[in-house]
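Given next are the chains, with one letter for each unit.
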Amino acid sequence: ETPQSTVVAELQQCMDQYDDFNFRQWFTSQSGILTHPIANHGNPLACVDGGHHFYWVLISVIVSLSATDSPELIPATGLNFGICVPARCHGHAVTNLVIPFYVGPYLG
């Protein structure tokens, strides 16, 4: 077994459980939404008590108000949220599949 096949198997096991209809709603209900600091960031205690992993995610965003050579920028701000993933999901799966799934719509 090669290191690459191990990573592929890990990714597949993670997504199989994460996408399972019986679990999907539970994982998303324990996760937060990508937004400002006072919003719902998820339920880490329920996630961890359920035997799973909870990750905090912070994204730094700078908004440009024009497309000129010297754009007017809004100061950087942080958007944060929490995400609950199955216990089978570890580094590669969380970094390369789960987080991009959540963050992708916000990054264009």
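Shown above is the structure to which this text applies.
Right, let's walk through the structure included here. Since the structure is predicted, the reported quantities are computational estimates derived from the model, not experimental observations.

Here we come to the packing of helix H1 (residues 3-19) against helix H2 (residues 21-30). Contact geometry for H1 and H2: axes closest at 5 Å, N-to-C directions at 85°. Taken together, the axes of H1 and H2 are roughly perpendicular relative to one another. Between H1, through Gln17, Tyr18 and Asp19, and H2, the contact on the second element is made entirely by Phe21, Phe23, Arg24, Phe27 and Thr28. Looking at the contact of H1 with H2, its residues break down into four nonpolar, two polar and two charged.

Here we come to the side chain of Gln17. For Gln17, the location among the structural elements is in helix H1. Given a relative accessible area of 12%, Gln17 falls into the buried group. If near-sequence neighbours (up to four positions away) are discounted, Gln17 is found in contact with Phe23, Phe27, His52, Pro86 and Arg88.

This next bit is on the state of the cysteines. Using the criterion set out here, one finds two disulfides in the structure. Disulfide pairing places Cys14 opposite Cys89 at an S-S distance of 1.9 Å. Residues Cys14 and Cys89 are joined through a disulfide that is right-handed, its torsion about the S-S bond being 95°. With Cys14 in helix H1 and Cys89 in the loop between strand E2 (73-85) and helix H4 (91-107), this pair connects stretches of sequence that are 75 residues apart. Two residues, Cys47 and Cys84, share a disulfide whose sulfurs are 2.1 Å apart. Its torsion about the S-S bond being 90°, the disulfide of Cys47 and Cys84 is classed as right-handed. Of the two residues, Cys47 sits in helix H3 (residues 44-49) while Cys84 sits in strand E2, which places them 37 residues apart along the sequence. A relative accessible area of 0% means that Cys47 is categorised as buried. Ordering the disulfide-forming cysteines of the protein by sequence position, one finds them joined as 1-4, 2-3.

The rules we used
- Residues numbered from 1 in each chain as written.
- Predicted model: local features only at pLDDT ≥ 70, side-chain atom pairs only at ≥ 80, totals over all residues.
- Heavy atoms only, no water.
- Axes fitted to C-alpha atoms, helices over the stretch in contact; angles between N-to-C directions.
- Helix = DSSP H or I, 4+ residues; strand = E, 2+ residues; numbered from the N terminus.
- Parallel < 35°, antiparallel > 145°, perpendicular 65-115°, else oblique.
- Contact = heavy atoms within 4.5 Å.
- Nonpolar A, V, L, I, M, F, W, Y, C, P; charged D, E, K, R; others polar.
- Buried < 20%, exposed > 50% of the residue type's maximum accessible area, 1.4 Å probe, protein only.
- Disulfide = S-S within 2.5 Å.

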